[in-house]
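# Observations on the model geometry
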Amino acid sequence: MQTVYNAGHAQHAATHEFFRGRLVPAFEVPARADYILGAVQKAGLGEVLVPVDHGRAPLERVHAARYLRFIAGAHTEWLATGGEGDAFPAVWPVRTLRSDVEPASFAARLGLYSMDSGTPLTAGSWAAAYAGAQASLTALDLVLAGQRSVYVLTRPPGHHAGADFFGGYCFINNAAVAAQAARDAGLKRVAILDVDYHHGNGTQAIFYDRADVFYASVHGDPRTEFPFFLGHADETGAGEGAGCNANFPLPVDVANEDWFAALEQALARLTAYRPELLVVSLGVDTYGGDPISHFKLDEPEFRRMGRRLAAFGAPTLFIQEGGYATEAIGRNVVAVLGGFEG
Ligand code: Q9C
Ligand code: ZN
C-alpha cells in the first residue's frame, strides 16, 4: 500500500493544550507522525509519496471561504492583537447568541470559528492542515487511478472540524475534503467509515442532509466522551440524507467482541449503500493504552480490523485521525494497514 506523507505536519507543534482550566502537555504532537512513518518504513508497507498541491478550491467545497481565510491568518492576527504563543478561544456564540454576524474582535472570531479550548492554534497550524488536505487529495487521485488502497499519513487530524469551525485537535476535515473531491470527480456514492474513538462530529454535520455521502461511525458514547454534543444513535440523517448517517455509540468499558459487532453493523449499512469508494477515518485511539480514551483494542484487533475492511471490497482511502499512545501508534496503524494487505 502506498502512503502519502504530509511532511508539513511538523509545522503544527503545540507544547501544551488547555484542559480543565490548566495548560497540560499536548497529546496531539509531531512525534505521532514520526513514529507512524518509522513503522510504515520498517514494515516495508510500500512507497512513501509527497503530496501534490491541488490548491484551495477543493477545501472550499467543504469549508466556508470565510473560515479558511480566518484560519490562514489567525495566528498572525493573534500576535498582532497582543497574543503570545499559541492561540486559544475563550468565548463562544452558544444558544441565543448570534453567529451570523462576524465580529471585528479577533477573540470573538476565534470563538465563532471553534468548538473547544482544547485545540491550540499555532503559528504553523494552517500550513500543516492545508498540506494534510493536499495529501488526502493526492491519495484520492491514486485510488481513482486504480490503487486498491492508499494511506494518508498526516496530522493534525480532521474529523471534528466542521464546515466553519475547528476543534478536537482538527482544523481541516481531510476525510470530508477527499469524499467531496471523489463526488466532484464523478463517483456517485461515497462511504465514510469512522473508527476513531471519538465521534466525527464535523464529518457527520458536513454530509448530514446529503444522500451521496454515507457517514457511519463506531465510537465512545458522547454522553461521557468528547465531542459530547453529537454522535447519538438517533442521528440518522436529514432531508435527502435521511437514512444516510449511522452512529454506533459504545460504553467506555465495551468488550472488544462488542466493538467488532458494532463494526459489523456499520459495515452492513455500508454494504447496502453500495459505495464506489470507502474513506476510513483511521483513529487508533481505540487502543487499550491510549491516554485519553477507554476502549481496549490491541495489535491483534487492529490487524483483524484491517482484514475485515479489506473484505468489504471497495477501493479504500485510509486517512489518519487520532491515536495518542505515541510510541505504540506506528505499530497499531501498521497492524490495520498490514491486516488490510493480508
Ligand atoms: N486532555 C481526535 O482524536 N479533548 N481528537 C480531550 C484530553 C479532545 C480528540 C481532552 C479530544 C479530541 C481526532
Ligand atoms: Zn479520536
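Residues numbered from 1 in each chain as written. Chains lettered and ligands numbered in written order. Predicted model: local features only at pLDDT ≥ 70, side-chain atom pairs only at ≥ 80, totals over all residues. Heavy atoms only, no water.

Taken together, Asp196 (OD), Asp196 (OD), His198 (ND1) and Asp285 (OD) make up the full set of protein donors to the zinc ion (ligand 2), lying 1.9 to 2.8 Å away. Mapped onto the sequence, the residues coordinating the zinc ion (ligand 2) show the spacing D-x1-H-x86-D. Each member of the pair, Asp196 as well as His198, is classed as buried. (Donors = N, O, S within 2.8 Å, 3.2 Å for Na, K, Ca; no water. Buried < 20%, exposed > 50% of the residue type's maximum accessible area, 1.4 Å probe, protein only.)

Our next topic: the UniProt feature "domain: Histone deacetylase" (unreviewed entry) in the chain. Sequence positions flagged by UniProt for "domain: Histone deacetylase" (unreviewed entry) are, in local numbering, residues 28-337. For residues 28-337, helix accounts for 40% and strand for 12%, while the C-alpha atoms at its two ends are 21 Å apart. (UniProt positions renumbered as here; feature names shortened; annotations may be inferred. Helix = DSSP H or I, 4+ residues; strand = E, 2+ residues; numbered from the N terminus.)

Residues in a regular strand project their side chains so that they alternate between the two faces of the sheet. Most of strand β10 (residues 316-320) is tucked away: five of the five residues are buried. Of the two faces of β10, the one carrying Thr316, Phe318 and Gln320 and the one carrying Leu317 and Ile319 are both buried. As paired strands, strand β9 (residues 277-282) and β10 are joined by five bridges and run parallel to one another. Residue pairing across strands places Leu282 opposite Gln320, the latter belonging to β10. (Pairing = 2+ DSSP bridges.)

Within this structure, the stated rule accounts for 14 aromatic pairs. Aromatic side chains Phe166 and Phe171 sit 5.2 Å apart centroid to centroid with 20° between the ring planes, which places their arrangement in the stacked category. The residues Phe166 and Phe171 share a single accessibility class, namely buried. Clustering of aromatic rings is evident, with ring pairs tying together Tyr67, Phe70, Trp78, Phe106 and Tyr113. The residue whose ring lies beneath Arg304 is Phe260, and the NZ or CZ to ring-centre distance is 3.9 Å. (Phe/Tyr/Trp six-rings, centres within 6.5 Å; stacked < 30°, edge-to-face > 60°. Lys NZ or Arg CZ within 6 Å of the ring centre and 35° of its normal.)

Moving on, we get to the pairing of strand β3 (residues 22-25). As paired strands, strand β2 (residues 16-19) and β3 are joined by four bridges and run antiparallel to one another. Each residue of the ladder has a partner; that of Glu17, found in β3, is Val24. Count of turn residues in the β2/β3 antiparallel hairpin: two residues, of which Arg20 carries a positive phi of about 50°.

Quick look at the packing of helix α8 (residues 256-273) against helix α9 (residues 299-312) now. Axis separation between α8 and α9 bottoms out at 12 Å; the angle between their running directions is 15°. Considering the angle they form, α8 stands roughly parallel to α9. Considering only the axes of α8 and α9, their crossing is right-handed. In contact with Asn256, Glu257, Trp259, Phe260, Leu263, Glu264, Leu267, Leu270 and Thr271 of α8, α9 contributes Glu301, Arg304, Met305, Arg308, Leu309 and Phe312. Here the residues of the contact of α8 with α9 sort into eight nonpolar, two polar and five charged. (Axes fitted to C-alpha atoms, helices over the stretch in contact; angles between N-to-C directions. Parallel < 35°, antiparallel > 145°, perpendicular 65-115°, else oblique. Left-handed = near helix turned anticlockwise from the far one by under 90°. Contact = heavy atoms within 4.5 Å. Nonpolar A, V, L, I, M, F, W, Y, C, P; charged D, E, K, R; others polar.)

Attention now goes to the nonpolar core. Within the largest apolar cluster, 53 residues are counted, with the highest numbers of intra-cluster contacts made by Tyr151, Leu193, Trp259, Leu270, Leu282, Met305 and Phe318. The next biggest cluster of nonpolar side chains, apart from the first, holds 47 residues, and it includes Trp78, Leu110, Ala178 and Val279. (Core = buried A, V, L, I, M, F, W, Y, C linked by side-chain atoms within 4.5 Å.)

Another point: the pattern of salt bridges. Taken as a whole, this structure holds 12 salt bridges when the rule is applied. Two residues, Arg304 and Glu257, come together in a salt bridge whose shortest N-O distance is 2.9 Å. Highlighted residues: Arg304 in helix α9 and Glu257 in helix α8, separated in sequence by 47 residues. On the basis of relative accessibility, which here comes to 31%, the residue Arg304 falls in the partly exposed class. One salt-bridge network, held together by shared partners, links Glu28, Arg32 and Arg155. (Salt bridge = Lys/Arg side-chain N within 4 Å of Asp/Glu carboxyl O.)

On to the site of ligand 1, then. Taken together, 16 residues are adjacent to ligand 1, and Glu17, Gly168, His198, Asp285 and Tyr324 come closest. Contacts to ligand 1 include Glu17, whose side-chain N or O atom sits 3.2 Å from a nitrogen atom. Tyr324 places a polar side-chain atom, nitrogen or oxygen, 2.6 Å from an oxygen atom of ligand 1. Here the shell around ligand 1 is composed, by residue class, of eight nonpolar, five polar and three charged. (Near = heavy atom within 4 Å. Polar contact = N/O pair within 3.5 Å; in protein donor to acceptor, adjacent residues only side chain to side chain.)

Interhelical geometry of helix α5 (residues 125-144) versus helix α6 (residues 174-184) gives an angle of 40° and a closest axis separation of 9 Å. Judged on the interaxial angle alone, α6 and α5 are oblique. Both α5 and α6 take part in a crossing whose hand is right-handed. Side by side, α5 and α6 meet where Ala129, Gly132, Ala133, Ser136, Leu137 and Leu140 of the first sit next to Asn174, Val177, Ala178, Ala181 and Ala182 of the second. Broken down by class, the residue content of the contact of α5 with α6 amounts to eight nonpolar, three polar and no charged.

With that settled, the discussion passes to helix α1 (residues 30-43). Here α1 is 14 residues long and its end C-alpha atoms lie 20 Å apart, about the 20 Å a rise of 1.5 Å per residue gives. The complete set of buried residues in α1 reads Pro30, Arg32, Ala33, Ile36, Leu37, Ala39 and Val40. Taken together, the buried residues of α1 touch β1 (2-5), β4 (48-49), β5 (149-153), β10 and α10 (326-341). Positioned one or two residues after α1, Gly44 has a phi angle of 60°, which is positive. (Expected span 1.5 Å × (residues − 1).)

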